[in-house]
Amino acid sequence: MTTESPRSTGPFPTSCGILLGAAGCLSLIALVEVAFGTTLAAATWFLVGQFLASLALIRLYDGRWVLQDIRLFFVLFLFLYGATLPLVTTLGINLPEQGIDRAAFMFGTAFLAFNIVQWWYRQPWHDVPSEVFDRIRPTNLNVVVLILAFMALVGYAVSRGLDLTGALDRRKNLLLGTQLWVVAIFMMNGLVMFMFAGWQQLTKSVRRWMVVYVALFVLFALSMGNRRDFLPMFIFLFAVVATRRHLVIGIKTVVGGFVAFMVMNVIGILRTVADDPTILAQVDPVQVLVTQNEFVSPIQTLMFYTLHAHPLRWGMTYLGAPGLFMPRALWIDKPESLSLQFMRDAFGTTALMGFAYTPVTEAFLNFGYVGPFLIFSALSILMVKLVRNADAHLGLYFVAFSIVVDFNRGDFAGTLYQIAMVGAAYWFMLAISRLRWAPPRVMARYTVPTPTSATSGMARDY
């Protein structure tokens, strides 16, 4: 398949010129900082410069600012998880920590690899035609499955001794730390995602019920202090809506994104304060917001391994990822997750709240300092393929989009597991929607008219 030419054929976009100019200036500043021996500042400005270059390249090839392009969404969160701690430290808000300069440099090399691949392929994004979405047609049987799944989820939680009262109590998770529960949460997200994808085909009554259902699920997750349980389904919803409406990033999008960002951070801060109420008496509230949010901790796993010798895995964490699908009851000696392994390496125990990992840490663990460049080159190629074939693999594209945040704070095995479980639930709902278990007159009461033959064979849904 030949590479499509970029959307923009007019003058070179001003925003791209500004971003590339800023990236070049920051690269020069980084070289000056290296000459003066301030390695943290050098690594931080190198990282920020490569991030700006990523934005410029994606904007140049897309011809507009579109957040529904998975590449743009990906680099935004890769930057947040990689640059937050180096930036607040470089700016003097936080005290310097050992290893932070090396970690920031490796995040910068990950961005560099991503940029080289994007420059090579020059693949633009194009919004998925509405006809492709119209082929996703939920039925009332899908609604029944969703109700039964939610009832089973709550029933399992209660059977484990969970108290449904109270909010933001993370201790409740100790009762539900089973593989079955993790699978159930992933499957619930997949079920809801399918209904979101076919939202236009639902009747008003079913839509109202869906709003109530999703609200109950969110409240249920928040009662345990969990944001990740429902975040993917809302990211999926945003990507679908943005694609259907051909959304271009403007002031409303920026404000909405900032509000969502602050809400998620406030939830995290409230959860931290609930775990340790004395923290506000020890640290200024503004500093808590800046230095205690979820974006500052994942990079610390990379900082640790840059300071402590460890045997290289040579790709085994990637090759061994399918082993995660085996229940521990059947494989007693199943390897621990990289997050648990980190806690053993760093603290000598796993009796702590788990640390979020990063794909950059895993790449370094496998191949050393060249690891981030190698792995993110491959990831960049995969994203080019996803963007190019979004029409043909609609479900896969938006499911992958929905786990971008989790991917940037996890490892490859966990990401593979999540995509497989969420995708399986999505495919299951798709298969159910194609069953014709009632006469056409009954089915017509719950769905809009069947697409015409001109649109019925556009592409595969998943």
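Calculation rules
Residues numbered from 1 in each chain as written. Predicted model: local features only at pLDDT ≥ 70, side-chain atom pairs only at ≥ 80, totals over all residues. Heavy atoms only, no water. Helix = DSSP H or I, 4+ residues; strand = E, 2+ residues; numbered from the N terminus. Buried < 20%, exposed > 50% of the residue type's maximum accessible area, 1.4 Å probe, protein only. Contact = heavy atoms within 4.5 Å. Areas by Shrake-Rupley, 256 points an atom, 1.4 Å probe, with all protein chains shown as cover. Phe/Tyr/Trp six-rings, centres within 6.5 Å; stacked < 30°, edge-to-face > 60°. 1 Å grid on protein atoms, 1.4 Å probe; cavity = no way out; pocket = protein on both sides within 12 Å on 5 of 7 lines; lining within 4 Å. Points joined across faces, edges and corners; volume = space filled by probe spheres on them. Salt bridge = Lys/Arg side-chain N within 4 Å of Asp/Glu carboxyl O. Polar contact = N/O pair within 3.5 Å; in protein donor to acceptor, adjacent residues only side chain to side chain. pLDDT = per-residue confidence, 0-100. Core = buried A, V, L, I, M, F, W, Y, C linked by side-chain atoms within 4.5 Å. Expected span 1.5 Å × (residues − 1). Patch = residues over 30% accessible without salt bridge, like charges linked within 9 Å, V, L, I, M, F, W, Y side chains within 5 Å.

K.L.:
What's the story with the overall build of the protein chain in this structure? I'm lost.
P.N.:
From N to C terminus, the protein chain includes 21 helices and zero strands. Looking at the protein chain residue by residue over its 462 residues, the buried ones come to 49%. A fraction of 80% describes how many contacts in the protein chain between residues 6 or more apart in sequence connect residues 24 or more apart. Surface exposure of the protein chain reaches about 21,500 Å², of which carbon and sulfur atoms provide 69%.

K.L.:
Got a minute to help me understand the packing of aromatic side chains in this structure?
P.N.:
Here a ring pair, both rings aromatic, is described through the centre-centre distance and the interplanar angle of the planes. Tallied over the entire structure, the rule returns 30 aromatic pairs. Relative to Tyr426, the ring of Phe194 has its centre 5.5 Å away and its plane inclined at 75°; by these criteria the two rings are edge-to-face. One end of the pair, Phe194, is in helix 7 (residues 179-197); the other, Tyr426, is in helix 20 (residues 412-433), with 232 residues separating them in the sequence. We note that Phe194, like Tyr426, is buried. Pairing Tyr305 with Phe342 gives two aromatic rings, centres 6.0 Å apart and planes at 65°, and the pair type is edge-to-face.

K.L.:
Would you take a moment to explain the layout of surface pockets for this structure?
P.N.:
Rolled over the atoms, a probe as big as a water molecule pinpoints where empty space is left. Approximately 530 Å³ is the volume found for the second largest pocket. Forming the boundary of the second largest pocket are 21 residues, of which Leu379, Leu382, Phe407, Thr415 and Ile419 lie nearest the centre. Elements supplying a minimum of two residues to the lining of the second largest pocket: helix 3 (70-90), helix 16 (359-367), helix 17 (371-388), helix 18 (394-402), helix 19 (404-407) and helix 20. Among the elements that make up the lining of the second largest pocket, the one with the highest residue count is helix 17 (seven residues).

K.L.:
Please clarify how the pattern of salt bridges should be interpreted in this entry.
P.N.:
The tally for this structure, following the rule as stated, stands at four salt bridges. Taking the shortest distance from any N to any O, the salt bridge between Asp127 and Arg64 comes out at 2.8 Å. Taken together, the residues Asp127 in the loop between helix 4 (100-121) and helix 5 (130-134) and Arg64 in the loop between helix 2 (39-62) and helix 3 connect sequence positions 63 residues apart. Its relative accessible area of 17% is what places Arg64 among the buried residues. Through salt bridges that share partners, Asp62, Asp69 and Arg71 make up one connected network.

K.L.:
Looking at this structure, I do not really get the side chain of Thr358. What am I missing?
P.N.:
Note that Thr358 resides in the loop between helix 15 (338-347) and helix 16. Judged by relative accessible area, Thr358 falls into the buried class, the value being 1%. The residues contacting Thr358, other than those within four sequence positions of it, are Phe107, Pro298, Ile299, Thr301, Asn408 and Gly410.

K.L.:
Quick question: what am I supposed to make of the side chain of Asn189 here?
P.N.:
You can see Asn189 is positioned in helix 7. Owing to a relative accessible area of 2%, Asn189 belongs among the buried residues under this scheme. Polar side-chain contacts of Asn189 include one of 3.3 Å to the backbone nitrogen of Met233. When residues no more than four places from it in sequence are discounted, the contact partners of Asn189 are Asp229, Phe230, Pro232 and Met233.

K.L.:
Please clarify how the confidence of the model for the protein chain should be interpreted in this entry.
P.N.:
Low pLDDT means the predicted coordinates in that region are not meant to be read closely. Per-chain confidence: the protein chain averages 82 in pLDDT, with 80% of residues scoring 70 or above. The low-confidence segment residues 1-8, where pLDDT is below 50, has 24 contacts with residues more than four positions distant or belonging to other chains. In this model residues 448-462 is a low-confidence stretch, pLDDT under 50, and it forms 38 contacts with partners more than four residues away in sequence or in other chains.

K.L.:
What am I meant to see in the nonpolar core here?
P.N.:
Nonpolar side chains tend to gather and get buried jointly when the protein is soluble and globular. Core analysis: the largest hydrophobic core is formed by 121 residues, its most contacted members being Phe74, Val75, Met210, Phe236 and Phe398. Beyond its immediate chain neighbours, meaning those up to four positions away, Val75 contacts Phe51, Ser54, Leu55, Ile58, Phe111 and Phe114.

K.L.:
Help me understand the environment of Met195 in this model?
P.N.:
Looking at where Met195 falls in the secondary structure, it is placed in helix 7. Counting along the chain gives 235 residues from Met195 to Leu430, while the straight-line C-alpha distance between them is 9.5 Å. Apart from the residues lying within four places of it in its own chain, the contact partners of Met195 are Pro138, Asn142, Val143, Leu146, Leu202, Met210 and Met429.

K.L.:
When you look at helix 9 (residues 231-244) in this model, what are you seeing that I'm missing?
P.N.:
An ideal rise of 1.5 Å per residue puts 20 Å on 14 residues; helix 9 measures up with 20 Å between its terminal C-alpha atoms. For helix 9, the set of buried residues is Leu231, Pro232, Met233, Ile235, Phe236, Ala239, Val240, Ala242 and Thr243. At the exit of helix 9 stands His246, carrying a positive phi of roughly 55°.

K.L.:
Help me understand unusual backbone geometry, please; the structure alone is not making it clear to me.
P.N.:
Most peptide bonds adopt trans geometry, and most residues besides glycine take a negative phi value. Unusually for a residue other than glycine, His246 sits at a positive phi of about 55°. Residue His246 is classed as partly exposed on the basis of its relative accessible area of 45%.

K.L.:
Mind showing me how you'd approach a nonpolar patch on the surface here?
P.N.:
Together, Ile251, Val254, Val255, Phe258 and Val259 make up a nonpolar patch on the protein surface, roughly 490 Å² of accessible area in all. The class of Phe258 is exposed, set by a relative accessible area of 52%.

K.L.:
Please explain helix 6 (residues 140-159) as it appears in this structure.
P.N.:
Since the α-helix advances by 3.6 residues per turn, residues separated by three or four positions end up pointing in the same direction. Here helix 6 contains 20 residues, and its C-alpha end-to-end distance of 29 Å stays within 8% of the 28 Å for a straight helix at 1.5 Å per residue. Regarding helix 6, the residues found buried are Asn140, Asn142, Val143, Val145, Leu146, Ala149, Phe150, Leu153, Val154 and Ala157. Backbone geometry just after helix 6 places Gly161 at a positive phi near 95°.

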